[in-house]
Amino acid sequence: MSLIDLSATELVAKLHTGEVACAEATRAYLDRIAELNPKLNAFLRVDADRALSAAKEIDARRARGETLGLLAGLPVAVKDVLCTAGEPTTCASRMLEHFVAPYDATVIARLKAADAVLLGRTNMDEFAMGGSGENSAFGATRNPHDPDRITGGSSSGSAAAVAARMAPVAIGSDTGGSIRQPAGLCGITGLKPTYGRVSRYGLVAFASSLDQVGPMARTAEDAALLLEAIAGHDRLDSTSLDVAAERYSESVSKPLDKLRLGVAREHFGEGLDGEIAAAVRKAIEVYESLGATIDEISLPHSKYAVATYYIIAPCEASSNLARYDGAHYGHRTDERAMQSELETERRALVAAGNKAAAENLDSPLVRMYRRSRSEAFGPEVKRRIMLGTYALSAGYYDAYYLKALKVRRLIRQDYDQAFQKVDAIIGPVTAAPAYKIGDKANDPLAMYLDDVYTVSANLAGCCGIAFPCGASSGGLPIGVQLQGPPLGEDKLLRAADMFQRITT
Ligand code: GLN
C-alpha cells in the first residue's frame, strides 16, 4: 500500500509515532502532484522545497522528543483565497496575481500551529464566484473522474486534489455551496461549518455574511480532524462564535442512536436528475437501516433561495471588491498608455468640435481605476459587481436588497422550525452529475440555478456536509447532503461517518 492510500487519520497516527516520516509522506504527495497536476490544473502553486523543508523540520522536532500538534506533519492543500504571510494569494484572479499577503489568515496560523505541512495553493473560480471551477483566470480545474468534465466550484482545485490523492485533505471556502458542490461532483466529503464556527480573518472576502472556511477530505473522519484544527473563537473576527472548539476527531466515530432525519419535499421536485434522486433515496434507506427515523418536512421558502442569494451575495461582493482599485490593492493599469489614451480621446473630441465633452473626460485617477478594474477582473466578477451595484443603488435598495434580507429571514425561520423536529435534513447536493467543461459557459443563469440545494444553508447560517452516496450510469460520483442546525457539525460528521462505515 502506498502512503497516499492512507486516510489522513491513519497517516497522522503513523506520523505521531514516527512509523512514517513527514518528509516521506510529503514527498509522496509532491510526486503525485507532479504526475497529475499538468492534467488536472488543481494547484496554482506548489512550493516543493518549502514543503519538504517544513516536513524535515517537523521530523527533527519529533526526533528531539517534542510533542507534535494535532496534524503532526499532515500535508494540507489550501484554496488560494486565504492570506499566507510572504506568499502570493491570488484568488485565481489577474487582479491579485502579484499580491503577496503581509500576514497569515487565522486558519493558516492554526494549520501551522497544528504542524500541518502546507503543500500548495489550489485553483478556484475567480474570487470564489462560480459553481463549476471554470471561472479561474488560470484555467479550469478538471475532474479526476473524467478530465473533460467540471469539478464543481468554487473550491475546484481543493476537491480535485483530494479526489486524485494529490493531497490527503484540503481547505475550501463556501459562500453558497463552494465546498459541498465540488465535494459532491468529485466524490469526496466536504463540510461547510456554521457561520462563525471558523474564523474568516484573512479570508479574501466575497460575501461576508455568507462566507465560511471548511474542510474537504476523503472521509468524514478526516474532515473532523481538519475541522478540529481550524475551528474555534478568534478575537480577530468579530463574527466568530465564542464557543470552545470541539474534539470532533474523538467523537466522529461514535454512532448516533435515534438520529432523526428530515426529507424536505421541496428538494425532490422539478429539475432533479433521476439518477441523483434514486441515489439519495437509497442513502435515506441506508439511514433507516441504521435506525434513523425519517420525517417529511417542508422548507416553504426554499423556492426563493437562489433569487435571494443572487441579490445578497452580489451586493456584498460589489462592496467588498471596491477595494481593488489599482491604488490600494491589486493590478494597476499601465499609466503611460492610459495618459496617451486620454490625450488621443481629447484631441479627437476637440477636432470634432466637441469641446465640452473634451473637458468632461475622466480625470486620470478615475481613468486609472476604470482601466485597472476592466483589465483585471474576469467576466463573472464584473457581472456580480454590476448586479450588486445595481441592486444597492438609490431607488432599488428597498425593492431588492431590503426585500432579499426579509426573505432571508423567512428562509432561516423555515430551518429553525425544521430543526425543532429533526437533527438534520437529508437531500441532494447538485441537481445532476458533473457536466462537460464549456457546456454552460454562455448561460450564467443556468449556473446560478445549480446552487438551488446549497445556498439556503448559507442564508440561514446553518452547517452542511456533502459526501458520496453512489455513481451515475456514466461512472460519475453522486453526493448526498446533510444540513444541520447552528453548531451541529459534530452530529453531521458522526452521521456521515456512520454511513461511510457501512458503505465504503
Ligand atoms: N456558486 C455560488 C456562486 O457562484 C457559490 C459560490 C461559493 O460558495 N463561493 O456564488
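A short tour of the structure in this document, coming up. Residue numbers run consecutively from 1 along every chain, following the written order of its sequence. Residues qualify for local features only when their pLDDT is at least 70, as the model is predicted, and side-chain atom pairs are given and counted only at 80 or more; totals for whole chains, interfaces and linings, by contrast, use all residues. Side-chain calculation: all heavy atoms of the structure are included, whereas hydrogens and water are not.

## Considering the packing of helix H1 (residues 8–17) against helix H7 (residues 220–230)
- Geometry is summarised by axes, namely lines fitted to C-alpha atoms with helices restricted to the contacting stretch, and by angles between N-to-C directions that run from 0 to 180 degrees. Strands are runs of DSSP state E lasting at least two residues, helices are runs of H or I lasting at least four, and both sets are numbered from the N terminus onward. With their axes 8 Å apart at the nearest point, H1 and H7 run at an angle of 60° to one another. Classed by the angle they form, the pair H1 and H7 counts as oblique. Packed against H1, whose contacting residues are Ala8, Thr9 and Val12, the element H7 presents Glu221, Asp222 and Leu225 at the interface.
- Each residue is assigned to one class: nonpolar for Ala, Val, Leu, Ile, Met, Phe, Trp, Tyr, Cys and Pro, charged for Asp, Glu, Lys and Arg, and polar for all the others, Gly among them. Split by residue class, the contact of H1 with H7 holds 3 nonpolar, 1 polar and 2 charged. Under this scheme an angle from 65 to 115 degrees is roughly perpendicular, one under 35 degrees roughly parallel, and one over 145 degrees roughly antiparallel; angles in between are oblique. In what follows, a contact means two residues having at least one pair of non-hydrogen atoms within 4.5 Å.

## A word on the site of the ligand
- Around the ligand, the surrounding shell holds 15 residues, and the nearest of these are Thr175, Gly176, Ser178, Tyr309 and Arg384.
- Here a polar contact means two N or O atoms within 3.5 Å. Within protein one must be a hydrogen donor candidate and the other an acceptor candidate, and residues neighboring in sequence count only if both atoms are side-chain atoms. Contact distances for the ligand include 2.8 Å between a nitrogen atom and a backbone N or O atom of Ala128.
- Contact distances for the ligand include 3.0 Å between a nitrogen atom and a side-chain N or O atom of Asp451.
- Note on areas: Shrake-Rupley with a 1.4 Å probe; residue coverage comes only from the protein chains shown. Calculation on the ligand without its partners gives an accessible area of 290 Å², and the protein chains cover 99% of this total.
- Considering only residue class, the shell around the ligand consists of 5 nonpolar, 7 polar and 3 charged. One heavy atom within 4 Å of a molecule or strand is enough for the residue carrying it to be called near that molecule or strand.

## As for the state of the cysteines
- The term disulfide is used for any two cysteine sulfur atoms that are within 2.5 Å. Throughout the structure, instances matching the rule amount to 0 disulfides.
- Unpaired in this structure, Cys83 has its nearest cysteine sulfur neighbour in Cys91, at a distance of 7.9 Å.
- Note on classification: 1.4 Å probe, protein chains only; a residue is buried when its accessible area is under 20% of the maximum for its type, exposed when over 50%, partly exposed between these limits. Exposure remark for Cys83: the relative accessible area of 6% places this residue in the buried category.

## With respect to the environment of Asn354
- Along the chain, Asn354 turns up in the loop between helix H11 (335–351) and helix H12 (355–359).
- You can call Asn354 partly exposed: its relative accessible area is 35%.
- Along the primary structure Asn354 and Ser240 are separated by 114 residues, whereas in three dimensions their C-alpha atoms are 56 Å apart.

## Describing the sheet that holds strand S10 (residues 463–471)
- Pairing between strands is defined by DSSP: at least two bridges between the two strands are required. Strand order in the open sheet formed by 11 strands is S1-S3-S2-S4-S6-S5-S10-S11-S9-S7-S8, with mixed pairing between adjacent strands. In this open sheet, the two strands that pair with only one neighbour each are strand S1 (43–46) and strand S8 (293–297). Strand-to-strand twist of the sheet, defined as the mean angle between neighbouring strand axes without regard to direction, takes the value 30°.
- Pairing analysis gives 3 bridges linking strand S5 (residues 189–192) to S10, with the strands arranged antiparallel.

## A few points about a nonpolar patch on the surface
- Like-charged residues are merged into a patch within 9 Å and nonpolar side chains (Val, Leu, Ile, Met, Phe, Trp, Tyr) within 5 Å, provided each residue has over 30% relative accessible area and no salt bridge. Salt bridges are defined by distance alone: a side-chain nitrogen of Lys or Arg within 4 Å of a carboxyl oxygen of Asp or Glu. Residues Leu392, Tyr397, Leu402 and Leu405 make up a contiguous nonpolar surface patch of about 280 Å² in total accessible area.
- Here Leu402 lies in helix H15 (residues 398–421).

## What about unusual backbone geometry?
- The step from Gly153 to Ser154 runs through a cis peptide bond, and the omega angle for that step is 5°.
- The topology assignment puts Ser154 in the loop between strand S3 (117–122) and helix H5 (156–163).
- Phi at Cys91 takes a positive value of approximately 55°, unusual for a residue other than glycine.
- Inspection of the secondary structure puts Cys91 in the loop between strand S2 (75–79) and helix H4 (106–113).
- Cys91 gets classed as buried once you look at its relative accessible area, which sits at 0%.
- Phi is positive for Arg165, close to 60°, though the residue is something other than glycine.
- Tracing the backbone shows Arg165 in the loop between H5 and strand S4 (169–174).

## Points about H11
- Each helix should span, by expectation, one fewer than its residue count multiplied by 1.5 Å. In a regular helix each residue adds 1.5 Å, so 17 residues correspond to 24 Å; H11 covers 24 Å between its end C-alpha atoms and thus fits that length.
- For H11, the N-terminal cap is Asp334; the gap from its side-chain oxygen to the backbone nitrogen of Arg336 is 3.0 Å.
- Of the residues one or two after H11, Gly353 is the one with positive phi, at around 80°.

## Some thoughts on the packing of helix H2 (residues 22–40) against helix H3 (residues 48–63)
- Running from amino to carboxyl end, H2 crosses H3 at an angle of 160°, the nearest separation of the two axes being 7 Å. Relative to H3, the element H2 lies roughly antiparallel. Judged by the twist between their axes, the crossing of H2 over H3 is right-handed. Contacts from Cys22, Ala23, Thr26, Arg27 and Leu30 in H2 reach Ala48, Ala51, Leu52, Ala55, Lys56, Ile58 and Asp59 in H3.
- A breakdown of the residues in the contact of H2 with H3 according to their chemical character gives 8 nonpolar, 1 polar and 3 charged. By definition, turning the near helix anticlockwise from the far helix through less than a right angle yields a left-handed crossing, and turning it clockwise yields a right-handed one.

## Comments concerning the nonpolar core
- Here, nonpolar core refers to any group of buried Ala, Val, Leu, Ile, Met, Phe, Trp, Tyr and Cys residues whose side-chain atoms link them within 4.5 Å. Counting 152 residues, the largest nonpolar core has Leu82, Leu111, Phe127, Ile171 and Tyr287 as the members making the most contacts within it.
- No other element matches the 9 residues that helix H10 (residues 305–320) contributes to this core.
- Apart from residues no more than four positions distant in its own chain, Leu82 is found in contact with Thr89, Ala105, Val107, Ile108, Arg121, Ile171, Gly202, Leu203 and Val213.
- Counting residues in hydrophobic clusters, the runner-up holds 5 residues, among them Ile150, Leu185, Tyr435 and Met447.

Interpretation in functional terms is not warranted from these geometric data alone.
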